[in-house]
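So you can see what is in the structure, the chains are spelled out below.
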Amino acid sequence: EPEVTQTPSHQVTQMGQEVILRCVPISNHLYFYWYRQILGQKVEFLVSFYNNEISEKSEIFDDQFSVERPDGSNFTLKIRSTKLEDSAMYFCASSEGPGGETQYFGPGTRLLVL
Amino acid sequence: ILNVEQSPQSLHVQEGDSTNFTCSFPSSNFYALHWYRWETAKSPEALFVMTLNGDEKKKGRISATLNTKEGYSYLYIKGSQPEDSATYLCASLNTGGFKTIFGAGTRLFVKA
């Protein structure tokens, strides 16, 4: 069964460094999402992406964050200058259609900023 | 309600018990309601997507209902099994269907 994959599974970085989290969505899906969960808190929406542009973003998704689909396969989340509070589990998800369609989640990347 | 609220926060039941939990969400600008099952160390697994008022969906022993006018959804598990132990998340999407607001989840423990 097709699945969403994410790399790396874990990443440790120093505050101020740039990180790129990678996702490979399910191949025929057109809508892509990033979420995060800070330990002990709710899952939070970061951004949705369709047709090579951002459809919607949350207040969390400030200028330090960017998303890209560089090659029609990967979907990346870049954090330019990481902060301690960016430490979280980051989930990528994809769906065939917008919100009324099932979203399939990847296994997540655990990011730790020191 | 500007937030998505789930209750109870956690629930302990015996194997064979039937149980249900509640998800309350903003009824204005409603687009869709998702239920997920999330086991520890795994990713959330989609259970249901519901869009229409009065929707009822069923998958095996698990079913869900939706009331968009009053902004709530119920998830029911009939004859709970230990393998049902997980966190059950609901998430509401606004008009346009792109921005998702998650509840904090209901943590279900089923004892054999």
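Data block above holds the structure.
Our subject in this report is the structure included herewith. (Residues numbered from 1 in each chain as written. Chains lettered and ligands numbered in written order. Predicted model: local features only at pLDDT ≥ 70, side-chain atom pairs only at ≥ 80, totals over all residues. Heavy atoms only, no water.)

## Some points on the pattern of salt bridges
All names here are of chain B. Scanning the entire structure with this criterion turns up seven salt bridges over all chains. Its salt-bridge partner being Lys 42, residue Glu 39 comes within 3.7 Å of it at the nearest N-O pair. Through salt bridges with shared partners, one network takes in Arg 37, Glu 39, Lys 42 and Glu 45. (Salt bridge = Lys/Arg side-chain N within 4 Å of Asp/Glu carboxyl O.)

## Brief notes about the sheet that holds strand β1 (residues 5-7) of chain A
Residues and elements named next belong to chain A. Strand order in the open sheet formed by four strands is β1-β3-β8-β7, with antiparallel pairing between adjacent strands. Strands with a single pairing partner mark the edges of an open sheet, and in this sheet they are β1 and β7 (65-68). On average, adjacent strands in this sheet sit at an angle of 20° to one another, irrespective of strand direction. (Pairing = 2+ DSSP bridges. Helix = DSSP H or I, 4+ residues; strand = E, 2+ residues; numbered from the N terminus. Axes fitted to C-alpha atoms, helices over the stretch in contact; angles between N-to-C directions.)

## Quick look at the environment of Leu 89 of chain B
As for its position among the elements, Leu 89 of chain B is in strand β9 (residues 86-94). In this structure Leu 89 of chain B comes out as buried when scored by relative accessible area, which is 2%. Sequence separation between Leu 89 of chain B and Leu 47 of chain B is 42 residues; the distance between their C-alpha atoms is 9.6 Å. Setting aside residues no more than four positions away along its own chain, Leu 89 of chain B makes contact with Val 43 of chain A together with Gln 6, His 34, Trp 35, Tyr 36, Trp 38, Phe 102, Gly 103, Ala 104 and Gly 105 of chain B. (Buried < 20%, exposed > 50% of the residue type's maximum accessible area, 1.4 Å probe, protein only. Contact = heavy atoms within 4.5 Å.)

## A short note on the pairing of strand β11 (residues 109-113) of chain A
Residues and elements named next belong to chain A. Burial along β11 is one-sided: Thr 109, Leu 111 and Val 113 are buried, and none of Arg 110 and Leu 112, which face the opposite way, are. Pairing geometry for strand β2 (residues 10-13) and β11, over four bridges, is parallel. Among the inter-strand pairings, Val 12 is bridged to a residue of β11, identified as Leu 112. With three bridges connecting them, strand β9 (residues 88-95) and β11 associate as antiparallel partners. Looking across to β11, one finds that Tyr 90 is bridged to Thr 109.

## Description of the interface of chain A and chain B
Counting residues at the interface gives 21 residues for chain A and 23 residues for chain B. When the two sides are added together, the surface that chain A and chain B hide from each other amounts to roughly 1,800 Å², 62% of it contributed by carbon and sulfur. When residues of chain A are sorted by the area they lose upon contact with chain B, Lys 42, Val 43 and Phe 105 of chain A head the list and together hold 31% of the total. Between the two partners, chain A and chain B, sit one salt bridge. (Buried area = accessible area lost by both parts, 1.4 Å probe.)

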